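# Close look at the chain arrangement
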Amino acid sequence: MDKMYAAEIASITPNGIEFNKYRYTCRRAIKEQWFGCSILIGKTIPILYHPEDISTIILGHTEDGDVCRLVNIVLYEGEKLSEYYEALDCLKIARKKFRKVASKCFPRES
């Protein structure tokens, strides 16, 4: 272990995983739709972080957890952040529809 990590608690918000007033996201949170799930909003999650590097946090209290990256708040503040998440949702819906149509048009042969 070349970095010394500190353990802490972060919160799940509609705008990302919040820790020390910074927002983070990762593939797992997006895939599982944490930021749009009213059941998860306000919940806390254990994390590891390096005190000298705020660019990433690790979910859980082991280094094997999911790495979350800092969301550039300047680019994705307020409405722009909402538009970003809406666009992700639209892409997920389009992908599901495409897979459904593709499976009908191009069935896999066994």
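Now for a quick tour of the structure.

Basis of the calculations
Residues numbered from 1 in each chain as written. Predicted model: local features only at pLDDT ≥ 70, side-chain atom pairs only at ≥ 80, totals over all residues. Heavy atoms only, no water. Helix = DSSP H or I, 4+ residues; strand = E, 2+ residues; numbered from the N terminus. Buried < 20%, exposed > 50% of the residue type's maximum accessible area, 1.4 Å probe, protein only. Contact = heavy atoms within 4.5 Å. Areas by Shrake-Rupley, 256 points an atom, 1.4 Å probe, with all protein chains shown as cover. Patch = residues over 30% accessible without salt bridge, like charges linked within 9 Å, V, L, I, M, F, W, Y side chains within 5 Å. Salt bridge = Lys/Arg side-chain N within 4 Å of Asp/Glu carboxyl O. Pairing = 2+ DSSP bridges. Axes fitted to C-alpha atoms, helices over the stretch in contact; angles between N-to-C directions. Phe/Tyr/Trp six-rings, centres within 6.5 Å; stacked < 30°, edge-to-face > 60°. Disulfide = S-S within 2.5 Å.

## So, the overall build of the protein chain
When helices and strands are tallied, the protein chain shows two helices and six strands. Overall, the protein chain shows an N-to-C arrangement of helices and strands of β-β-β-α-β-β-β-α. Evaluated residue by residue, the protein chain yields a buried proportion of 25% over its 110 residues. In the protein chain, once contacts between residues fewer than 6 apart in sequence are set aside, the share between residues at least 24 apart is 57%. When the accessible surface of the protein chain is split by element, carbon and sulfur atoms take 54% of a total near 8400 Å².

## What about a nonpolar patch on the surface?
Together, Y22, I54 and L70 make up an exposed nonpolar region whose accessible area comes to about 230 Å². What makes Y22 partly exposed here is its relative accessible area of 34%.

## Section: the sheet that holds strand β1 (residues 6-13)
Spatial ordering of the closed barrel is given by β1-β2-β3-β6-β5-β4, a layout of six strands whose pairing is antiparallel. Between one strand and the next, the sheet's axes are offset by a mean angle of 40 degrees, whatever the strand orientation.

## Side note on the packing of aromatic side chains
Throughout the structure, instances matching the rule amount to one aromatic pair. Seen from their ring centres, F19 and Y49 are 4.7 Å apart, and the 55 degrees between their planes marks the pair as tilted. Residue F19 is located in strand β2 (residues 16-19), and its partner Y49 is located in strand β4 (residues 44-50); the two are separated by 30 residues in the primary sequence. The exposure classification of F19 matches that of Y49, with both residues buried.

## Structural notes on the state of the cysteines
Defined simply, a disulfide is a covalent bond joining two cysteines at their sulfur atoms. Scanning the model with the defined rule gives zero disulfides in all. Summary of cysteine pairing: C68 is not part of a disulfide, and the nearest cysteine sulfur, belonging to C26, is at 3.2 Å. Residue class for C68 comes out buried when judged on its relative accessible area of 0%.

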